[in-house]
Structures are given as structure tokens and as C-alpha cells.
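# Report on the structure
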Amino acid sequence: MKKWMQFLLLVASVSSAGALLASGGGEEGDSRQLPPVANAKWKAECSSCHMLYHPGLLPEKSWQKLMAGLDRHFGENAALDAPTRDEISRFLTANSADKLDNRRSRRIVQSIPADAAPLRISETAYFTAKHDEISATTFKRKSVGSASNCAACHQGAERGDFSENKVRIPR
Ligand code: HEC
Ligand code: HEC
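All values reported here derive from a predicted model rather than from experimental measurement. (Residues numbered from 1 in each chain as written. Chains lettered and ligands numbered in written order. Predicted model: local features only at pLDDT ≥ 70, side-chain atom pairs only at ≥ 80, totals over all residues. Heavy atoms only, no water.)

## Side note on the side chain of Ser96
Heads up, the rule is: Helix and strand labels come from DSSP, where a helix needs a run of H or I of at least four residues and a strand needs a run of E of at least two; each type is numbered from the N terminus. Here's how the labels work: a residue is buried when its accessible area is under 20% of the maximum for its type, exposed when over 50%, partly exposed in between, all with a 1.4 Å probe on protein chains only. A 3.5 Å cut-off defines polar contacts: any pair of N or O atoms within that distance qualifies, except that in protein one atom must be a possible hydrogen donor and the other a possible acceptor, and neighbouring residues in sequence count only when both atoms are side-chain atoms. Residues are treated as being in contact if the distance between any of their heavy atoms lies within 4.5 Å.
Here Ser96 lies in the loop between α4 (82–94) and α5 (103–110). Classification of Ser96 by relative accessible area gives buried; the value is 0%. Here the side chain of Ser96 touches Thr93 through a polar contact of 2.9 Å, landing on its backbone oxygen. In this structure Ser96 touches Pro55, Gly56, Leu58, Pro59, Glu60 and Trp63, once residues within four positions along its chain are discounted.

Next up, the structure:
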């Protein structure tokens, strides 16, 4: 190969790698994954019965409704003392899907009708659209349990990472 051709190829590959990095993998220029968030009480109290759901998966109105009804939480009593409940509520609200600036959260919010406040991420139109190829029997597998158990298939679910290369449906 001629020297000048090598140079052109080098320029081409460097600039396309740069474009990939600058886009962060997102279509609109920001990250597709949810940003890292942390709160010790949330982590301790909201992961004893199921995986930890990232606050960026539901809008503020959903978290407020959910936190106001912890004594009848999906058939369980998940009630907390008032200071703990209020701290977790503030944390969920501050990092809710309508507060975080990322494409995934925006899409979730857009998929929820204005007059609805779903308590389940797994019942949003966004979720249904993304999982339309997965059958009900797959979600019911012993190794999965239900559609609510995101972490069974998404290795990065608790970190808010639902990227396609970290999905594996267990047998
Ligand atoms: C005593 C057990 C228990 C505790 C503690 C608990 N949950 Fe749950 N949660 C459940 C059950 C049971 C379900 C329904 C799971 C299913 O249908 O597979 C559920 C479902 C959910 C869902 C809906 C998931 C989906 O999209 O389908 C969210 C969101 C949720 N919990 C948030 C929380 C938060 C936030 C906390 C902490 C304040 C919490 N949970 C603490 C038992 C608990
Ligand atoms: C039975 C396994 C399974 C469960 C449980 C599951 N998912 Fe998925 N999810 C998938 C598969 C498979 C895809 C499609 C990946 C693909 O084709 O790109 C997907 C896609 C997604 C996507 C879109 C990824 C993208 O960038 O297009 C999101 C977001 C997502 N899931 C979130 C969730 C959440 C939140 C939960 C729990 C409430 C959940 N999933 C539960 C298997 C699962």
C-alpha cells in the first residue's frame, strides 16, 4: 500500500472512532443507559423482596403513589417508619424518569398516558413494546419468575444498564 493511502485510511478510522465515542452510543447524543444513583436506605429497604428498581424507570407520580401505599404493596406489607419512607421518597422523586436526562427515561415517560400513574414498569407501553417477542411462558420460567424480575435477563439491571449486549434469557 502506498504511504498516502495508509495515511488516508488512518484518518478515516480515527475520525469514525471519534464519532462513535462522541455519540455515546445514543441516537440523540446522550447515553441510553440510566445514570448511576445511590441511597443506602433505598438499597437496604427496597431490595429485600426483589431486585432494586432504578428510580429512572418510573415517573415521579408513580413513585409517589407507590410510596404512599407501602402497607398494601402488591399483596405485601412493605410499610416503613415515616423518616425512612420520606427519605426514600425524596430520593426516588429526585431521580425519577421525568427528572433524569437520558433517552430511556424520556421514552418511558412518553409511553405513559397523562392521566395514568402505573406502579409497574413492566406494565408500561414502553416495556411491552421492548418485549413483544418474549412469550408469557418465557416470563413464567422458574429461572425468571415474572416480567418484574428484570435482573434474570438483564445482567446490569440494578445499575440501570439494559444494553442489548448484556441480555441473556436463562433456560
Ligand atoms: C415485603 C416485600 C417487598 C418489599 C420490602 C418491597 N417490595 Fe416492591 N414488590 C413486592 C412484590 C411481591 C412485588 C410484585 C412482584 C411480581 O409481581 O413479580 C413488588 C413489585 C414492585 C414494583 C413493580 C415491578 C414491576 O415493574 O413489575 C416496584 C416498582 C417496586 N416493587 C418497588 C419497591 C420499592 C421502591 C420498595 C422499597 C420502598 C419495595 N418495592 C419494597 C414486594 C416488596
Ligand atoms: C425473560 C427475560 C427478560 C426479562 C425478565 C426482562 N427483559 Fe428486558 N429485554 C429482554 C430481551 C430479550 C430484550 C431485547 C433485546 C434486544 O433484542 O435487543 C429486552 C429489551 C429491554 C430493553 C430495551 C433495550 C434496548 O436498548 O433496546 C429495556 C429497556 C428492557 N428490556 C428493560 C427491562 C426491564 C425494566 C425489565 C423488568 C421490569 C425487563 N426488561 C425484564 C429480556 C427480558
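From this point, the discussion proceeds with the structure in view.
## Section: the site of ligand 1
Selection rule: For each residue, the test is whether any non-hydrogen atom lies within 4 Å of the molecule or strand; if one does, the residue is near. Nonpolar residues are Ala, Val, Leu, Ile, Met, Phe, Trp, Tyr, Cys and Pro. Charged residues are Asp, Glu, Lys and Arg, and all others, Gly as well, are polar.
As a structural note, the neighbourhood of ligand 1 is formed by 19 residues, with Cys46, Cys49, His50, His73 and Ser148 the closest of them. At a separation of 2.7 Å, a nitrogen atom of ligand 1 approaches a polar side-chain atom of His50. In terms of residues, the shell around ligand 1 owes the most to one element, helix α3 (residues 60–68), which gives 3 residues. In terms of residue class, the shell around ligand 1 is made up of 10 nonpolar, 6 polar and 3 charged.

## Points about the pattern of salt bridges
This is how the line gets drawn: By salt bridge we mean one thing: a side-chain nitrogen of Lys or Arg within 4 Å of a carboxyl oxygen of Asp or Glu.
For the coordinates displayed, the defined rule picks out 7 salt bridges. When the shortest N-O distance is used, the salt bridge between Arg85 and Asp86 registers 3.1 Å. On the basis of relative accessible area, Arg85 is assigned to the partly exposed category, the value being 31%.

## Focus on the coordination of the iron atom of ligand 2
Spelled out, the test is: Note: metal donors comprise N, O and S atoms at 2.8 Å or less from the metal (3.2 Å for Na, K and Ca); water molecules are not included, so apparent gaps in a site are possible. Under this scheme a four-donor centre is tetrahedral when all angles range from 85 to 135 degrees, a four-donor centre is square planar and a six-donor centre octahedral when opposite donors are above 155 degrees with the rest from 65 to 115, and any other centre is irregular.
Distances from the iron atom of ligand 2 to its protein donors, His131 (NE2) and His154 (NE2), fall at 1.9 Å. Note that the iron atom of ligand 2 binds 6 donor atoms; their angles at the metal cover 88 to 179 degrees, and the shape is octahedral. Of this pair, His131 sits in the loop between α6 (125–130) and α7 (136–139) while His154 sits in the segment after α7, and the two are 23 residues apart along the sequence. With respect to burial, His131 and His154 carry one shared label: buried.

## Re the site of ligand 2
Surrounding ligand 2, one finds 19 residues, the nearest of these being His131, Cys150, Cys153, His154 and Glu164. The side chain of Arg104 places a nitrogen or oxygen atom 2.9 Å from an oxygen atom of ligand 2. Interatomic distance of 3.2 Å between a side-chain N/O atom of Glu164 and an oxygen atom of ligand 2. Per-class residue counts for the shell around ligand 2 are 12 nonpolar, 3 polar and 4 charged.

## Let's talk about α4
Operational definition: The span you would expect from a helix comes to 1.5 Å times its residue count less one.
In a regular helix each residue adds 1.5 Å, so 13 residues correspond to 18 Å; α4 covers 18 Å between its end C-alpha atoms and thus fits that length. The set of residues buried in α4 consists of Thr84, Ile88, Ser89, Phe91, Leu92 and Thr93. Along its buried surface, α4 packs onto α2 (40–45) and α3.

In short, the description is geometric, and any link to function would need to be established separately.
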